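Residue strings, one per chain:
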Amino acid sequence: THTHTHTHTHIIIIMSSSVVDFHSLSREELCRLFSQCCSSTEFASRLADCCCASSNSSSSNSHVKAKQMMQKSMPALVHAAREIWYDLNPSRDWEEAFRGHPRIGDDPVKLKEKFPSSSGDWAMGEQSNAMATATEETLRELGEMNVKYEQKFGRIFIICATGVSAEFVLANVKDRMENSPWAEMMVAAREQMKITELRLKKLNLSFGDGNGKASSSMKKRVKVLNEQTVISSSAANSEKKKSPITTHVLDTALGKPAEGIKVTLNNRSSAASWISKEGYTDADGRVTD
């Protein structure tokens with residue numbers, strides 16, 4: 001017999017308030033954005049320099065070539081970020097990046113106080129699945145392993161926690177305790193790069209065609225969002241459009257949609273005016289209002 005208790009569900013959605021035109025950003029603005037993705041000052045500075053190199057230059061400089069590539073796609077920007085990251089000074093630049101992360105399992109309130117910018121919101125979102133699946137025993141043991149790890153390696157435990165369980169994180173830190181200092185440095189660097197890549201994609205950059213024009217895929221995306229959210233002025237289409245944010249809650253114990261679950265949508269963007277929205281799932285496990 002399964003006993004299944006429904007609790008208040010919080011959904012944290014972190015998104016940019018609008019699409020950002022990559023080509024309109026200054027070097028300072030790019031530095032600020034890239035610093036949210038990786039706390040290494042040198043990383044953010046070099047990637048910003050790479051983006052600001054003249055695409056019309058005939059120089060053979062690798063940064064210029066990277067700029068020409070990055071005009072085409074986000075994958076090209078990520079590729080340039082990887083090359084820069086693995087070319088940095090480990091003891092100086094990598095360690096600076098590691099210090100920019102909260103400890104896995106940190107209290108959300110303390111985390112927000114220490115990391116008040118978007119990176120703090122992202123960190124909470126990245127840890128949300130692990131924290132949601134953690135038992136008191138797992139959290140206790142994870143806290144103990146955090147201390148042991150820090151005593152051995154002199155830094156907090158770094159892992160790309162997006163979408164993983166607390167048990168996975170705990171098993172990972174136990175395994176990595178067996179590493180030598182240099183081997184663990186390389187593992188942490190790879191985990192940091194995973195986090196950086198995810199955050200670069202969260203910046204919602206539009207690369208267009210290199211002349212400030214939105215790409216056809218971006219235009220299509222904006223068109224779809226407008227069709228879903230804008231209320232038409234015509235009488236025939238006066239019905240309120242459905243939100244592009246959808247919810248479907250399943251009761252895994254019974255194998256059917258979960259009805260009557262309270263869902264809260266929290267706004268994490270300072271640019272938006274609303275604070276939060278609430279609703280309850282229907283018989284199909286969806287929030288429709």
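Before reading further, recall that the structure is shown in the block above.
About the criteria used
Residue positions within a chain follow its written sequence, with the count starting from 1. Whole-chain, interface and lining totals are the exception, using all residues; otherwise, since this is a predicted model, local features are given only for residues with pLDDT of at least 70 and side-chain atom pairs are given and counted only at 80 or more. Excluded from the side-chain calculation are hydrogens and water; included are all heavy atoms of the structure. Only buried residues count toward a nonpolar core. Its members are Ala, Val, Leu, Ile, Met, Phe, Trp, Tyr and Cys residues joined through side-chain atoms within 4.5 Å. Accessibility here uses a 1.4 Å probe with only protein chains present; expressed as a share of the type maximum, an area under 20% marks a residue as buried, one over 50% as exposed, and anything in between as partly exposed. Numbering of helices and strands starts at the N terminus; helices are DSSP runs of H or I of at least 4 residues and strands are runs of E of at least 2. We call two residues contacting when some pair of their heavy atoms lies within 4.5 Å. For helices, the fitted line uses only the C-alpha atoms of the stretch in contact; every axis is such a line through C-alpha atoms, and the angle between N-to-C directions lies from 0 to 180 degrees. Should an angle lie under 35 degrees it is considered roughly parallel, over 145 roughly antiparallel, and from 65 to 115 roughly perpendicular; all remaining angles are considered oblique. In this scheme the handedness of a crossing depends on how the near helix is turned from the far one: anticlockwise by less than a right angle means left-handed, clockwise means right-handed. Note on residue classes: Ala, Val, Leu, Ile, Met, Phe, Trp, Tyr, Cys and Pro are nonpolar, Asp, Glu, Lys and Arg are charged, and everything else, Gly too, is polar. Polar contacts here mean pairs of N or O atoms no more than 3.5 Å apart (in protein, one a potential hydrogen donor and the other a potential acceptor; neighbouring residues in sequence count only if both atoms are side-chain atoms). Take a side-chain nitrogen of Lys or Arg and a carboxyl oxygen of Asp or Glu: if they are within 4 Å of each other, that pair is a salt bridge.

**Q** Before we move on, could you go through the nonpolar core and cite the residues and values that matter?
**A** Formed by 37 residues in total, the largest nonpolar core has its most connected members in F34, F43, L47, L77, W85, L200 and L205. Breaking this core down by element, the ones donating at least two residues are α1 (27–37), α2 (41–52), α4 (74–85), α5 (90–99) and α10 (181–202). Looking at which element gives the most residues to this core, the answer is α4, with seven residues. Every residue in contact with F34, bar those within four places of it in the chain, is listed here: F43, A44, L47, A48, C51, L77, L200 and L203.

**Q** Tell me about the packing of α1 against α2, and please be specific about residues and values.
**A** Remark: α1 packs on α2, axes separated minimally by 8 Å, with the N-to-C direction vectors making an angle of 135°. In terms of axis orientation, α1 runs oblique to α2. The interaxial crossing formed by α1 with α2 has right-handed handedness. The residues of α2 that touch α1, namely those facing R27, L30, C31, F34 and S35, are F43, A44, S45, L47, A48, D49, C51 and C52. Its residues placed into classes, the contact of α1 with α2 shows nine nonpolar, two polar and two charged.

**Q** Now, about the environment of K152: what can you tell me, with residues and values included?
**A** Note that K152 resides in helix α8 (residues 136–153). Among the residues examined, K152 registers a relative accessible area of 41% and is labelled partly exposed. Each C-alpha atom, one on K152 and one on M177, is 8.0 Å from the other, the two residues being 25 residues apart in sequence. Within the structure, K152 has its side chain in polar contact with the backbone oxygen of N179 (distance 3.3 Å).

**Q** Describe in detail the pattern of salt bridges, supporting the description with residues and values.
**A** For the structure shown, the criterion picks out 13 salt bridges. For D87, the salt bridge is made with R46, and the minimal N-O distance between the two is 2.7 Å. Of this pair, D87 sits in the loop between α4 and α5 while R46 sits in helix α2; the two residues are 41 residues apart in sequence, bridging distant segments of the chain. Between E278 and K262 there is a salt bridge, with its nearest N and O atoms 3.6 Å apart. In this pair, E278 is assigned in strand β7 (residues 276–280) and K262 in strand β6 (residues 262–267), connecting sequence segments 16 residues apart.

**Q** Got a sec to walk through the environment of C37? Specific residues and values, please.
**A** Position of C37 relative to the elements: it lies in helix α1. Overall, C37 belongs to the buried group, its relative accessible area being 1%. Sequence separation of C37 and L203 is 166 residues, and the distance between their C-alpha atoms is 8.8 Å.

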